[in-house]
Amino acid sequence: MSYEFFIGFRYLRAKRKQTFVSVISFISILGITVGVTALIIVLSVMSGFEDTLMSKILGLNAHVVVTSLDGGMADYERVAETVRGVDGVVGASPFTYSQAMISSRSSAVGAVIRGLDVATVGTVTVLPEKMVAGSLKGLDMTPGKGEGKNLPGLVIGREMARKISVGLGDRVNVISPTGTMTPAGPMPRMATYRVAGIFELGMFEYDSSLAFMSLESARKFFRLGDTVTGVEVKVRDIYDADGVADRIMVTLKGNYWTRTWKDMNRNLFSALK
């Protein structure tokens, strides 16, 4: 028997006249065991909750976002190609970000509408993997003036589909609050879209308030011209996002600005800590 075990057993075992000491030792060990077990369980639950929350948030949102200080980004194709060559970058995809209202025959909801590049969005987000009906390929449909399949596509969340009572292939109206000025006053801009797909990310906020359309449809409807909001970037190591963002700034050498997932979700992750 080793010296450490000898000392331990020496003070755990009680003599015949010192049985009370053994009971105290047992109660002390039991108390420490219960306390450590509770601590381990709480830390495990919180760590698992944080990891799950991070995977859901970062699965849809980019690790780094590159935007232009001049407003819209016109040279987004060059920026995306340059960013893909930066060390630590896995993928890059242009996007637009706007707010509008989506209505059906029965109801209407406010939504954040993001325009995306169908060809490259899969390198940055998990959206293609979270489709439960339809696919993102339906967004590339050429818009037309007819009904049904000739309409431009729109992808919405499952909770939003339940709210406005629509399904795959149904028609919805997208209404922009920034309309056009007419002799009768400002008129909201409205266009009809076809539900090309339904996604489910597992977060109620995202599933009930997000919608996606193709980059071309978003630029046309929101009158963005040839510009986009920015370029989304996925990095190999999320904890090195700050370093990758700095390398992107050095490589681009222009009037650009980068934000990491830590900056965009600072309040949430600070509260978790």
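Residues numbered from 1 in each chain as written. Predicted model: local features only at pLDDT ≥ 70, side-chain atom pairs only at ≥ 80, totals over all residues. Heavy atoms only, no water.

## What to know about the overall build of the protein
So, point 1. Counting secondary structure elements, the protein contains nine helices and ten strands.
So, point 2. Out of the 273 residues belonging to the protein, those deemed buried represent 40%.
So, point 3. Across the protein, contacts joining residues at least 24 apart in sequence account for 72% of those joining residues at least 6 apart.
So, point 4. Just so you have it, the protein exposes about 15700 Å², and 58% of that area is on carbon and sulfur atoms. (Helix = DSSP H or I, 4+ residues; strand = E, 2+ residues; numbered from the N terminus. Buried < 20%, exposed > 50% of the residue type's maximum accessible area, 1.4 Å probe, protein only. Contact = heavy atoms within 4.5 Å. Areas by Shrake-Rupley, 256 points an atom, 1.4 Å probe, with all protein chains shown as cover.)

## Points about the nonpolar core
So, point 1. Among the nonpolar cores identified, the biggest contains 23 residues, and V66, M73, V79, V83, V231, V233 and I248 are the most heavily contacted of them.
So, point 2. Top contributing element to this core by residue count: helix α7 (residues 241–252), with five residues.
So, point 3. Discounting chain neighbours no more than four positions away, the residues touching V83 are V89, A92, V233, I248 and L252. (Core = buried A, V, L, I, M, F, W, Y, C linked by side-chain atoms within 4.5 Å.)

## Observations regarding the confidence of the model for the protein
So, point 1. Within the protein, residue pLDDT values average 84, and 82% of them lie at 70 or more.
So, point 2. Segment residues 142–148 is flagged for pLDDT under 50; beyond a separation of four residues in sequence, or across chains, it makes nine contacts in the model. (pLDDT = per-residue confidence, 0-100.)

## Let's talk about the pattern of salt bridges
So, point 1. Evaluated as defined, the whole model comprises seven salt bridges.
So, point 2. For the salt bridge of D75 with R78, the shortest nitrogen-to-oxygen distance reads 2.9 Å.
So, point 3. The exposure class assigned to D75 is partly exposed, which follows from its relative accessible area of 29%.
So, point 4. In this structure R78 comes out as partly exposed when scored by relative accessible area, which is 41%.
So, point 5. Here D240 makes a salt bridge to R247, at a shortest N to O gap of 3.2 Å.
So, point 6. Judged by relative accessible area, which is 30%, D240 ranks as partly exposed. (Salt bridge = Lys/Arg side-chain N within 4 Å of Asp/Glu carboxyl O.)

## Here we look at the environment of L168
So, point 1. Within the secondary structure, L168 is located in the loop between α4 (158–164) and β6 (171–182).
So, point 2. On the basis of relative accessibility, which here comes to 48%, the residue L168 falls in the partly exposed class.
So, point 3. Residues L168 and L154 lie 14 residues apart in sequence; the distance between their C-alpha atoms is 9.9 Å.
So, point 4. If near-sequence neighbours (up to four positions away) are discounted, L168 is found in contact with A133, G134, V195, A196, G197 and I198.

## Notes on the environment of V109
So, point 1. Checked against the element boundaries, V109 lands in strand β3 (residues 108–116).
So, point 2. C-alpha separation for the pair V109 and S208, spaced 99 residues apart in sequence, amounts to 8.8 Å.
So, point 3. What V109 contacts, discounting residues up to four positions off in sequence, is A100, M101, I102, M160, K163 and I164.

## Remarks on the packing of aromatic side chains
So, point 1. Tallied over the full model, the rule gives four aromatic pairs.
So, point 2. Arranged with centres 5.6 Å apart and planes meeting at 70 degrees, the rings of F199 and F212 form a pair that is edge-to-face. Of this pair, F199 sits in strand β7 (residues 185–199) while F212 is found in strand β8 (residues 210–214), placing the two residues 13 residues apart along the sequence.
So, point 3. For the ring pair F221 and F222, a centre distance of 4.9 Å and an interplane angle of 85 degrees mean the geometry is edge-to-face. Note on accessibility: F221 and F222 belong to one class, buried. (Phe/Tyr/Trp six-rings, centres within 6.5 Å; stacked < 30°, edge-to-face > 60°.)

## Brief notes about helix α3 (residues 76–84)
So, point 1. Every buried residue of α3 is listed here: Y76, V79, A80 and V83. Down the axis of α3, the buried set is contained in an arc of 100 degrees. They therefore lie on one face. In this structure, α3 carries E77 and E81 as exposed residues pointing more than 90 degrees from its buried face.
So, point 2. Where α3 is buried, its residues meet β1 (64–68), β2 (89–103), α6 (215–221), β9 (230–235), α7 and β10 (256–260). (Arc of directions from axis to C-beta.)

## Some words on a nonpolar patch on the surface
So, point 1. Together, F26, I27, L30 and V34 give the surface a local cluster of nonpolar side chains, amounting to about 420 Å² of exposed area.
So, point 2. With relative accessibility at 45%, the residue L30 sits in the partly exposed group. (Patch = residues over 30% accessible without salt bridge, like charges linked within 9 Å, V, L, I, M, F, W, Y side chains within 5 Å.)

## Focus on the packing of α3 against α7
So, point 1. For the pair α3 and α7, interaxial distance at closest approach is 10 Å and the crossing angle is 125 degrees. Considering their axes alone, α3 and α7 lie oblique with respect to each other. Crossing hand, α3 versus α7: right-handed. Together, V79, T82 and V83 of α3 and I248, T251 and L252 of α7 make up the contact between the two elements. (Axes fitted to C-alpha atoms, helices over the stretch in contact; angles between N-to-C directions. Parallel < 35°, antiparallel > 145°, perpendicular 65-115°, else oblique. Left-handed = near helix turned anticlockwise from the far one by under 90°.)

## Re the pairing of β1
So, point 1. Here β1 lies mainly inside the structure; five of its five residues are buried.
So, point 2. Side chains V64, V66 and S68 of β1 all project onto a buried face; the interleaved residues V65 and T67 project onto the opposite face, where all are buried too.
So, point 3. Two elements, β1 and β9, share four bridges in a ladder whose sense is antiparallel. When the bridges of β9 are listed, V64 appears paired with V233.
So, point 4. In this sheet, β10 lies alongside β1 in antiparallel orientation, the contact comprising five bridges. If you follow V64 over to β10, its bridge partner there is T260. (Pairing = 2+ DSSP bridges.)

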